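Okay, here's what each chain looks like letter by letter:
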Amino acid sequence: QVQLVESGGGLVQAGGSLRLSCAASGRTYGMGWFRQAPGKEREFVAAIMWSGLSTTYADSVKGRFTISRDNAKNTVYLQMNSLKPEDTAVYYCATTRRLVSTTTSEYEYWGQGTQVTVSS
């Protein structure tokens, strides 16, 4: 059993930055961030291998968001820069037994989510 706890969400103006954190208890492998806006399906944002050597991003955030991890702290981060109103959503972290994945169904454990709101 793995428990994930996200933090770092909040309200920010367009063009601003936020850093999300996801603290895990238990063994984790590939880690990912997803988001879900009101009335929309949950979508992939970014993912990282256990080693941190490989990362992948959704096209909509590429060049603006950076995923990283500190295995000593069992924590994964999502640095979000140049935020846009369309980034507004609840952000979730999740863990997969795969090396890395962009597919929601391949993630086993999920956090409770943290709200990110970007005002225009």
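Residues numbered from 1 in each chain as written. Predicted model: local features only at pLDDT ≥ 70, side-chain atom pairs only at ≥ 80, totals over all residues. Heavy atoms only, no water.

A. Fine view of the pattern of salt bridges. Summed over all chains, the structure comprises six salt bridges. Among the salt bridges present, the one from D87 reaches R64, with a minimum N-O distance of 2.8 Å. Of the two residues, D87 is situated in the loop between β8 (75–80) and β9 (89–96) and R64 in the loop between β6 (55–57) and β7 (65–70); the sequence distance between them amounts to 23 residues. When sorted by exposure, D87 lands in the same class as R64, which is buried. When the shortest N-O distance is used, the salt bridge between R98 and E106 registers 3.3 Å. Among the residues examined, R98 registers a relative accessible area of 47% and is labelled partly exposed. With a relative accessible area of 28%, E106 lands in the partly exposed category. (Salt bridge = Lys/Arg side-chain N within 4 Å of Asp/Glu carboxyl O. Helix = DSSP H or I, 4+ residues; strand = E, 2+ residues; numbered from the N terminus. Buried < 20%, exposed > 50% of the residue type's maximum accessible area, 1.4 Å probe, protein only.)

Interpretation note: all reported values are geometric properties and have no functional meaning in isolation.
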